[in-house]
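Spelled out, the chains give:
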Amino acid sequence: MDNNAYGDFMIYVDNKDLVIPGQILADDEFYPGRGTFKDSGNICSSVMGLVSLRNKKIRVIPLKSKYVPKKGDVVIGKISDVKFSMWELDINSPYSGMLPAFEVFGREKKELNKVFDIGDVLFLRVVEVDEVKKAKLGLKGRGMGKFKGGVIVDITPTKVPRLIGKKGSMINMIKDKTKCNIVVGQNGLVWVSGDKEMENITKDIIKLIEAEAHTSGLTDRIKNKLTLIIDGEEAVEEEDFDDYFDDQLEKPKLQNFKDELEQEELEEKKNDDKDFIDSYKEIKKQNKKDNKNSLSVGKSNTNFYSILNKKDDY
Amino acid sequence: MNIIPEITKESIKNLIDSNQREDGRTIDQYRDISIETDVISKAEGSARVKIGKTQVIVGIKPQIGAPFPDTPNVGVLMTNCELLPMADPKFEPGPPSEDSIELARVVDRGIRESELVDLEKLCIEEGKNVWMLFIDLHVIDNGGNLFDAAELAVMAALSTTKLPMATIEDGEIVLDEEKTIDLPLKDKVAMCTFVKIGSEMVLDPTLTEESVADARLNIGVTGEGKICAMQKGGPQPLTKEEIFTCVNISMSKTKELLEKLDK
Amino acid sequence: MIGSSLREDGREYNELRPLKIEVGVLDRADGSAYLEVGGNKILVAVYGPRESYIRRLLKPNTGVIRCRYNMAPFSVDDRKRPGPDRRSSEISKITADALRPALMLENYPRSMVDVFIEVIEAEGGTRCAGITAASVALADAGIPMKDIVVGCAAGKVNNEIVLDLSEVEDKEGQADLPLAIMPRTGEITLLQSDGDLSESEFSKALELAMDGCMQVSEIQKEALRKKYTDE
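Residues numbered from 1 in each chain as written. Chains lettered and ligands numbered in written order. Predicted model: local features only at pLDDT ≥ 70, side-chain atom pairs only at ≥ 80, totals over all residues.

A.B. asks: Requested: an account of the overall build of chain B, with residues and values cited.
C.D. replies: Counting secondary structure elements, chain B contains five helices and 12 strands. Relative to its length of 263 residues, chain B is compact, with a C-alpha radius of gyration of 20 Å against a globular reference of 18 Å. Counting only residues that meet the buried cut, chain B has 44% of its 263 residues in that class. Here the contacts in chain B between residues at least 6 apart in sequence split such that 68% fall between residues at least 24 apart. (Helix = DSSP H or I, 4+ residues; strand = E, 2+ residues; numbered from the N terminus. Rg over C-alpha atoms; globule rule 2.2 N^0.38 Å. Buried ≥ 20, exposed ≤ 12 C-beta atoms within 10 Å, placed from the backbone. Contact = placed C-beta atoms within 7 Å.)

A.B. asks: Got a sec to walk through helix H5 (residues 240-262) of chain B? Specific residues and values, please.
C.D. replies: Residue and element names in this part refer to chain B. Here H5 contains 23 residues, and its C-alpha end-to-end distance of 33 Å stays within 8% of the 33 Å for a straight helix at 1.5 Å per residue. At Ser 250, H5 is deflected by roughly 30°, the largest bend along its length. Turning to H5, its buried residues are Cys 246, Ser 250, Lys 253, Thr 254 and Leu 257. (Expected span 1.5 Å × (residues − 1). Bend = angle between axes of the 7 residues up to and from the residue.)

A.B. asks: Break down the environment of B:Ile12 for me, citing the residues and quoting the values.
C.D. replies: Residue and element names in this part refer to chain B. Inspection of the secondary structure puts Ile 12 in helix H1 (residues 6-17). Expressed as a C-alpha distance, the spacing of Ile 12 and Glu 22, which sit 10 residues apart in the sequence, is 7.1 Å. When near neighbours in sequence (up to four residues on either side) are disregarded, Ile 12 contacts Glu 22, Ile 197, Thr 208, Glu 209 and Val 212.

A.B. asks: Residue-level account of the domain arrangement of chain A, with values.
C.D. replies: What the domain assignment lists for chain A is domain 1 (4-62), domain 2 (74-146) and domain 3 (151-312). Taking only C-alpha atoms into account, the centre of domain 1 of chain A sits 38 Å from that of domain 2 of chain A. (Domains from an automatic or database assignment.)

A.B. asks: I'd love a proper account of the sheet that holds strand E9 (residues 57-62) of chain A, names of residues and values included.
C.D. replies: Strand order across the open sheet formed by four strands is E3-E8-E9-E5 (chain A), with mixed pairing between neighbours. A strand with exactly one partner marks an edge of an open sheet, and here the two such strands are strand E3 (18-19) and strand E5 (31-32) of chain A. (Pairing = 2+ DSSP bridges.)

A.B. asks: Summarise the interface of chain A and chain C; cite the residues concerned and give the values.
C.D. replies: Contacts between the two partners involve 22 residues from chain A and, on the opposite side, 29 residues from chain C. Among the residues making up the side of chain A that touches chain C, the classes are represented as 14 nonpolar, five polar and three charged. (Nonpolar A, V, L, I, M, F, W, Y, C, P; charged D, E, K, R; others polar.)

A.B. asks: Describe the confidence of the model for chain A, listing the residues and the values that go with them.
C.D. replies: All names here are of chain A. In the predicted model, chain A carries a mean pLDDT of 77, and the fraction of residues at 70 or more is 71%. Segment residues 235-277 is flagged for pLDDT under 50; beyond a separation of four residues in sequence, or across chains, it makes 56 contacts in the model. Long-range and interchain partners of residues 287-314, a stretch whose pLDDT sits below 50, account for 35 contacts in this model, where long-range means more than four residues apart. (pLDDT = per-residue confidence, 0-100.)

A.B. asks: For the interface of chain B and chain C, give the residues involved together with the corresponding values.
C.D. replies: Taken together, the contact pairs 26 residues of chain B with 21 residues of chain C. Secondary-structure elements contributing two or more residues to the side of chain B that touches chain C are strand E3 (54-65), strand E4 (76-83) and strand E6 (129-141) of chain B. If you tally residues by element for the side of chain B that touches chain C, the top one is E6(B), at five residues. When the residues that make up the side of chain B that touches chain C are grouped by side-chain class, the tally is 11 nonpolar, eight polar and seven charged.

A.B. asks: Let's hear about the packing of helix H3 (residues 169-178) of chain A against helix H4 (residues 196-211) of chain A: which residues, and what values?
C.D. replies: All names here are of chain A. Remark: H3 packs on H4, axes separated minimally by 10 Å, with the N-to-C direction vectors making an angle of 155°. Regarding the angle of H3 to H4, the classification is roughly antiparallel. The two elements H3 and H4 cross, and the hand of that crossing is right-handed. Residues Met 170, Ile 174 and Thr 178 of H3 form the contact with H4, whose participating residues are Met 198, Ile 201, Thr 202, Ile 205 and Ile 209. Counted by class, the contact of H3 with H4 contains six nonpolar, two polar and no charged residues. (Axes fitted to C-alpha atoms, helices over the stretch in contact; angles between N-to-C directions. Parallel < 35°, antiparallel > 145°, perpendicular 65-115°, else oblique. Left-handed = near helix turned anticlockwise from the far one by under 90°.)

A.B. asks: A description of the environment of A:Glu131 should follow, citing residues and the corresponding values.
C.D. replies: Looking at where A:Glu131 falls in the secondary structure, it is placed in the loop between strand E13 (121-129) and strand E14 (135-138). What makes A:Glu131 exposed here is the crowd of 9 C-beta atoms within 10 Å.

A.B. asks: Now, about the sheet that holds strand E18 (residues 189-193) of chain A: what can you tell me, with residues and values included?
C.D. replies: Residues and elements named next belong to chain A. Ordered by their spatial adjacency, three strands build an open sheet running E16-E18-E17, and the pairing between neighbours is antiparallel. Each edge of the open sheet carries a strand with a single partner, namely strand E16 (151-154) and strand E17 (181-184). Strand after strand, the sheet turns through a mean of 20° between neighbouring axes, direction not considered. As paired elements, E17 and E18 share four bridges and run antiparallel to each other. Bridge pairing in E18 links Val 184 to Val 190.

A.B. asks: Outline the nonpolar core, supporting the account with residue identities and numerical values.
C.D. replies: Among the nonpolar cores identified, the biggest contains 161 residues, and B:Val56, B:Ala153, B:Val154, C:Val44, C:Val46, C:Leu99 and C:Val115 are the most heavily contacted of them. Here the element with the most residues in this core is helix H3 (residues 146-159) of chain B; it accounts for 11 residues. Those residues in contact with B:Ala153 that lie beyond four places of it in its chain are B:Ala47, B:Arg48, B:Val49, B:Val56 and B:Val58. Among the nonpolar cores identified, the runner-up in size contains 46 residues, and A:Val183, A:Val190, A:Ile201 and A:Ile206 belong to it. (Core = buried A, V, L, I, M, F, W, Y, C linked by C-beta atoms within 7 Å.)

A.B. asks: Can you tell me about the environment of C:Ala133, naming the residues and giving the values?
C.D. replies: Residues and elements named next belong to chain C. Examined against the element boundaries, Ala 133 turns out to sit in helix H2 (residues 126-140). Taking the C-alpha atoms as reference points, Ala 133 and Ser 217, 84 residues apart in sequence, are found 11 Å from one another. For Ala 133, the residues in contact, after removing those within four places along its chain, are Ile 21, Ala 33, Leu 35, Ile 42 and Val 44.

A.B. asks: A description of the confidence of the model for chain B should follow, citing residues and the corresponding values.
C.D. replies: Per-residue confidence for chain B gives a mean pLDDT of 95; residues scoring 70 or more make up 100%. At the level of chain-chain contacts, confidence expressed as ipTM amounts to 0.93, with global pTM at 0.88.

A.B. asks: Tell me about the packing of H4(A) against helix H5 (residues 218-231) of chain A, and please be specific about residues and values.
C.D. replies: Residues and elements named next belong to chain A. As a packed pair, H4 and H5 sit with axes 11 Å apart at the nearest point and diverge in direction by 155°. Between H4 and H5, the crossing angle belongs to the class labelled roughly antiparallel. For H4 against H5, the interelement crossing comes out right-handed. Residue-level contacts link Ile 201, Ile 205 and Ile 209 of H4 to Leu 218, Ile 222, Leu 226 and Ile 229 of H5. In terms of residue class, the contact of H4 with H5 is made up of seven nonpolar, no polar and no charged.

Printed below as a string of structure tokens:
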């Protein structure tokens, strides 16, 4: 443990350090943020995650967690039941969501299952959360409603900001390369639609981002990988690039979420929920764009699958 | 309770229609398979098999017991399966479900009907004492196609099973744990499982593929290429042609599986 | 006796059996861990927080934990009949009790965390090993916790207080004292004792088991960090 003097206060971790539940992070002159708690004069981590330090506030961003509905979130949900005056939705959470019929029809009377039926996947907004965390959902917003075609990918909700990237850098790059339409829900479900082969590549890339969210230089590595798969190019300079990042990875400290975290922290100064707003704006933006899948697709690289499969070897 | 999104069903069907799968395989290709034997030192035979993300552990424990009255000179095989709640959020703790009993019985049928265990050699004292082999199948991670993984694990565990020498002295059975004999095996068996998705029969389905499939077919084939066990499952029918296609594929695929066992 | 501290397997009185923990070994589970100590092989899966249909177990102000300790039929010398028995039911209960004080589930009301402990092979001390592996799997699942609970037993063999009893020592020994603690504060979350201990032997055994827990705790932490630093 490093003991850093921070004025008169003690802090035992650095930004982006990997910490585990119960680990002492600092003395309680600091402010405990999400993922931490105060105990006998110290601030400790309550989850396995990465430290985020801003001024005197310590947070721990969990590496995994379940989605708990929050008012204003945009989510992807699946109809699990149709009832008399509402639909029940699975929103990839310990808590289910419900979409009241009046959110869709107003005062009109219609048969619910003719509009949305069991198994349909929708893009929705959390309108309200009650005291037992049950989420009331709505469809008011651009691009909200039922998805047609495409595939669903699930990632752990804490990695949603990483998938979106600094000001949408990651998600825009993927969209640009694959020409797929991508919609990200705060609850960790992602909808991808485009050319069939590109859908599959995008799905695997999203899973790779989830698995390596805590490593440095990820956006560039993902970009190189996508370029290699889609364009079949393997420029010499890009290999050097990879080596450079490999060096970084060998450093003992995890430089996780690096750029994105720093950006997020800057923005957090103004608004604690800024990261969410950014993601939300990004999600809104993606719905405005036209979905064109006319681009011809290069040969897919079969090695790609073996790269991804590596993470399965425990 | 677990509803598969309509668009997932569609996308898997579309892929299969163009002879593709979500993990990049062809429709008659297995995922990566790994076989480890002797993984439990307290079991007389054991194996752990992984097919893709599916993992099963098999342990074999022999016990001495009385034979069935109608077969006084043959040993006894008992296959039991536990779909552990750790393996899948849908598996519940409690007494064996229909699915787990079906799995145990289909796997058992492959072993029993291929007559690969020389049960007569498991007789210690005719009409009184024979070896009873308890085959316990533990499913620890469900990534789809439990049948083939289970059959392979049982086969691998049987082929490494060692029994203590049993002799009769003064009317009493004496076991010599130091001196062991290999379980007498006459043949081998492997199982191929197909599911029907759209108009195709797909080998070695993943969990998602299983969940969108219309029907399932298990085919157990012996080392000598004889069909020894079959089971049709799932809500929709199969045609004769579809079944013949699967049988034909299973002839070469079970050979591949058995070759992996020998390594 | 010369070299009286030496035990049947050659260990010192305060020495643990070789211990190894791996994190994230199962794909379907939300969190998982595999632990080997001596001849024990233990697999733990965690699901949740998730919905549960057993409504009577749920609480309106917090999430709850449910444990299931189960021994594989082939995990012991004489085949064990599948399914729960009185011993495994008791261990399931005290394991949940041992882990509960560390959990911070206030943010997950009316939800359930399921812990499934499978003893693949047993060689003495499975309840402590199960608790040790379970808390690692809970951390892997991202469950908020005050600390990573750790278990270790001490006991009395040949009138000596020794750490981490093997199967043989457990059978031949005079006493066994399984313990689980939250290592940061040293608070005790599980304590059992069977056999014959004097007051001074008891305090010695407790101290020794505490010391063992602290050693195991380091291995837990290392295993958790390893999952994200090895690539």
